[in-house]
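# Descriptive structure summary
Listed here are the chains, written in short residue letters.
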Amino acid sequence: MTETDPNEELRKMIPFIKNWNTFYALVLGELAVLILLFYAFSKAFE
Amino acid sequence: MSYIDWLVMCGTVLLIVVYGIYKSRHINNIQGYLLSGKDMKWWTIGLSIMATQASAITFLSTPGQAFDDGMRFVQFYFGVPIAMVIISIVVIPIFHRLNVYTAYEYLEQRFDLKTRSLAAFLFLISRGMAAGLTIYAPAIIFTALLGWQIDLTCITLGLVVLIYTVVGGNKAVSHTQKQQMFVILVGMILAGIVMILKLPPDVSLGDAVFIAGKMGKLNIITTPSSWAEFDIKDRYNLWSGLIGGTFLALSYFGTDQSQVQRYLGGKSLTESRIGLLFNGIFKVPMQFMILFIGAMMFVFYQFNSRPMFFNTPERTQIIASDVGPQYLETEKKYETLHLEKSNLLRQLLHARNEGDVSRVAQTQENLQRIEAQSDTIRQQGIDLIKTYNPRADTNDLDKIFLTFILHHLPVGLIGLLMAVILSASMSSTSAELNSLATTTIVDIYKRLFHKNDDQRDYLSASKWATFGWGIFAIGFALFASELGNLIQAVNILGSLFYGTLLGIFVVAFFMKKIRGTSVFYAAILAEVIVFGFYIFPQISPGFPDIGFLWFNLIGCVAVAIFSAIFQAISPKNHP
């Protein structure tokens with residue numbers, strides 16, 4: 001039995017994400033961006 | 001509610017239930033019933049995970065939370081994306097490789113039977129009671145604001161969930177959750193749009209955001225400026241969200257079977273992982289949206305007449321009592337201040353439009369002073385209610401949004417929003433019943449008593465277990481209505497177990513040398529310590545009182561440390 005490459009499987013489902021590390025970075029990066037945006041938003045309307 | 005609203009509400013709920021039963025009509029074995037035959041796509045898993053976490057209370061209380069305390073509650077969810085990544089990397093591959101039905105099944109393979117049973121037991125206690133509360137919590141609000149009979153509401157809601165969960169198992173749960181989540185998102189977006197459209201003509205969306213900010217409702221990120229200001233009792237700040245929230249999310253999504261079962265039903269490891277990360281991407285924006293609706297609702301009520309106290313039945317009772325005139329006097333003072341506040345807010349907008357910074361600051365100061373006076377008067381009203389009836393429910397946060405729905409949304413949309421709340425309740429309850437049944441059958445019935453039955457027997461036992469837990473949940477919901485104060489205790493009780501459960505799994509995944517007996521006793525000791533942190537501040541005022549989010553960290557770290565100590569001092573061949 002041959003084992004499928006997990007990154008290959010991911011690319012089949014979501015072609016614009018190259019590998020799992022990129023996906024994880026995307027999720028955590030989004031959180032970081034949201035926190036910064038929220039902080040700026042809070043300060044702007046304080 | 002009008003007939004059209006009843007039609008929209010019942011029609012939406014019924015369609016979802018029928019769809020769930022239809023999609024699960026070919027189930028004939030235990031894997032199909034408990035894990036959807038492992039054929040779930042990532043979007044079904046993702047929506048199912050979100051729907052399981054979002055109970056009716058999420059949609060009823062969260063806008064009220066922003067209305068009262070601002071949007072800082074969103075920080076509570078900052079741990080979710082971090083936890084999703086960790087679980088995707090560490091937990092899901094192991095569960096998929098071992099082909100387990102429950103998270104606790106893995107613990108026997110890693111440790112021993114007693115550790116598996118302990119974890120399953122902790123889950124069954126906390127989740128079993130929580131399932132009753134998931135039914136009871138929205139029912140009590142419907143009773144307060146719509147006059148529905150609480151027992152009948154609990155029984156009807158419970159039975160509707162029970163029908164499709166018993167018939168279709170996990171597949172029905174996941175497919176109905178997909179539709180329920182769709183209804184919830186559409187309903188909430190429409191409610192937000194109507195709320196903004198209903199602002200006075202001279203107040204734009206930009207003005208509303210400006211007002212919300214100046215009134216302290218856009219405090220999304222709160223963080224102490226120095227360590228000296230750090231308050232461990234403060235439940236919602238950046239650090240408690242990132243650290244405590246991560247541990248809570250790791251416990252909930254990684255060790256609570258009601259969530260684990262959502263992604264174990266994935267067609268492949270990749271589908272499960274994407275489903276979980278989907279939740280990591282959308283959870284914080286979704287909560288932001290709900291809280292933003294709450295902040296806009298606050299602005300809406302600054303320009304529209306609002307009750308001083310949103311719990312109508314308690315208000316009716318106090319008005320009919322001998323302190324009624326005194327209470328009405330308080331309300332009159334509150335209304336006068338409310339009008340004054342509306343005028344000041346218009347002055348604030350005017351000053352902002354003219355670019356007069358000093359007048360903006362001055363008006364903001366006046367507004368804060370009037371807001372403080374309003375709060376004092378409202379508190380006096382609440383104190384009167386408490387004096388008249390010490391058992392009165394004086395927390396009205398969870399009734400604010402429903403009051404808005406019932407009084408300000410157009411016919412038809414009220415029915416849809418009621419369907420949103422019922423959908424949210426049903427989606428959480430069904431996942432809870434399904435996971436309780438799975439743990440009961442897989443970790444107890446099949447493992448301890450009936451190891452070699454055939455598939456049909458297990459399927460039938462699973463259906464009976466779902467039915468049994470459903471009846472227990474309905475019974476608990478009916479019982480809870482007699483014991484108002486117990487609800488808060490049970491809510492906290494649930495959170496008391498998560499740290500220990502997470503600790504057991506952390507040791508299993510990362511501390512390879514630790515064996516079953518060490519982690520078993522470490523978990524018991526950790527649980528005692530967590531309970532100590534909860535109980536001692538109540539009986540001994542000098543004992544540090546810490547926010548409940550930190551219990552997750554304490555329980556988890558305690559299990560890890562004690563496991564290491566017990567392993568180090570145990571005889572070499574100890575199991």
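Reading the values: the criteria
- By convention here, each chain's residues receive numbers from 1 onward along its written sequence.
- Throughout, the order in which chains and ligands are written sets their labels, letters from A for the former and numbers from 1 for the latter.
- Given that the model is predicted, a residue must reach a pLDDT of at least 70 before its local features are reported, and side-chain atom pairs must reach 80 or more before they are shown or counted; all residues, however, enter totals for whole chains, interfaces and linings.
- Elements are defined by DSSP. Helices are runs of H or I of four residues or more, strands are runs of E of two residues or more, and each kind is numbered from the N terminus.
- The burial criterion counts other C-beta atoms lying within 10 Å of a residue's C-beta, which is placed from the backbone; the residue is buried at 20 or more, exposed at 12 or fewer, and partly exposed between these limits.
- Each radius of gyration is computed over the set of C-alpha atoms, and the globule rule expresses the reference value as 2.2 Å times the number of residues to the power 0.38.
- The contact rule is simple: place each C-beta atom from the backbone, and if two of them lie within 7 Å, those residues are in contact.
- Three classes are used: nonpolar for Ala, Val, Leu, Ile, Met, Phe, Trp, Tyr, Cys and Pro, charged for Asp, Glu, Lys and Arg, and polar for all others, with Gly counted as polar.
- In this description, a line fitted to the C-alpha atoms serves as the axis of each element, helices being fitted only across the stretch in contact, and the angle between N-to-C directions of two axes falls anywhere from 0 to 180 degrees.
- For this classification, under 35 degrees means roughly parallel, over 145 means roughly antiparallel, 65 to 115 means roughly perpendicular, and everything else is oblique.
- Between the first and last residue of a helix there are one fewer steps than residues, each counted as 1.5 Å, and that sum is the expected span.
- To count as a nonpolar core, a set of buried Ala, Val, Leu, Ile, Met, Phe, Trp, Tyr and Cys residues must be joined through C-beta atoms within 7 Å.
- A clockwise turn of the near helix away from the far one marks a right-handed crossing, whereas an anticlockwise turn of less than a right angle marks a left-handed crossing.
- For every residue, the pLDDT score states the predictor's confidence, bounded by 0 at the bottom and 100 at the top.

### Looking at the overall build of chain A
Per the secondary structure count, chain A includes 2 helices and 0 strands. Counting only C-alpha atoms, chain A reaches 60 × 15 × 10 Å along its principal axes. For chain A, buried positions account for 9% of its 46 residues.

### A few points about the overall build of chain B
In terms of helices and strands, chain B carries 21 helices and 0 strands. For chain B, the C-alpha radius of gyration of 25 Å lies close to 25 Å, the compact-globule estimate for 575 residues. The C-alpha extent of chain B, read off along each of the three principal axes, is 75 × 55 × 50 Å. Within chain B, contacts between residues separated by at least 24 positions form 86% of all contacts whose residues are at least 6 apart in sequence.

### A few points about the interface of chain B and chain A
The interface of chain B with chain A comprises 20 residues on the first partner and 19 residues on the second. A per-element tally of the side of chain B that touches chain A places helix α12 (residues 269-303) of chain B first, with 6 residues. Its residues assigned to classes, the side of chain B that touches chain A shows 15 nonpolar, 5 polar and no charged.

### A word on the environment of F531 of chain B
All names here are of chain B. Position of F531 among the secondary structure elements: in helix α20 (residues 516-539). Judged by the 16 C-beta atoms lying within 10 Å of it, F531 is partly exposed. For the pair F531 and I565, spaced 34 residues apart in sequence, the C-alpha to C-alpha distance is 21 Å.

### A look at unusual backbone geometry
Residue and element names in this part refer to chain B. Of note, the phi angle at N99 is positive, near 55°, even though the residue is not glycine. Looking at the secondary structure, you find N99 in the loop between α5 (79-98) and α6 (103-110). Its 11 C-beta neighbours within 10 Å are what place N99 among the exposed residues.

### What about the environment of R369 of chain B?
Residue placement: R369 of chain B occurs in helix α15 (residues 357-388). When the C-alpha positions of R369 of chain B and K267 of chain B are compared, they lie 58 Å apart, and in sequence the two are 102 residues distant.

### Some points on helix α9 (residues 205-214) of chain B
Residues and elements named next belong to chain B. All of the buried residues in α9 are A208, F210, I211, A212, G213 and K214. Buried residues belonging to α9 abut α8 (150-197), α12, α14 (324-354) and α15. The first or second residue beyond α9 is G216, which carries a positive phi of 80°.

### Quick look at the packing of helix α3 (residues 42-53) of chain B against helix α11 (residues 257-264) of chain B
All names here are of chain B. Where α3 contacts α11, the axes come no closer than 9 Å and their chain directions differ by 170°. When the axes of α3 and α11 are compared, the pair comes out roughly antiparallel. Across the interface between the two elements, I45, S48, I49 and T52 from α3 touch S258, Q259, R262 and Y263 from α11. Considering only residue class, the contact of α3 with α11 consists of 3 nonpolar, 4 polar and 1 charged.

### Observations concerning α15 of chain B
Taking 1.5 Å of rise per residue, 32 residues should cover 46 Å, and α15 of chain B covers 47 Å from first to last C-alpha, within 8% of that figure. Packing partners of the buried residues in α15 of chain B comprise α9, α13 (312-320) and α14 of chain B.

### A short note on the nonpolar core
Ranked by internal contacts, the top residues of the largest apolar core, which has 185 residues, are F59, M297, V420, I504 and V559 of chain B. In this structure, I504 of chain B is in contact with L107, T115, A119, V519, A523 and V559 of chain B, ignoring residues within four places of it in sequence.

### Examining the environment of E271 of chain B
All names here are of chain B. Secondary-structure assignment places E271 in helix α12. In this structure E271 comes out as buried when scored by C-beta crowding, with 23 C-beta atoms within 10 Å. E271 sits 231 residues away from M40 along the chain, and the two C-alpha atoms are 7.6 Å apart.

### Notes on the packing of α14 of chain B against α15 of chain B
Residue and element names in this part refer to chain B. The N-to-C vectors of α14 and α15 enclose an angle of 165°; their axes lie 9 Å apart at closest approach. Accordingly, the angle class assigned to the pair α14 and α15 is roughly antiparallel. Two packed elements cross with a definite hand, and for α14 against α15 that hand is left-handed. Residue composition of the contact of α14 with α15, grouped by class: 12 nonpolar, 11 polar and 7 charged.

### Some words on the confidence of the model for chain B
Model confidence for chain B is summarised by a mean pLDDT of 85, while 94% of its residues fall at 70 or above. At the level of chain-chain contacts, confidence expressed as ipTM amounts to 0.93, with global pTM at 0.86.

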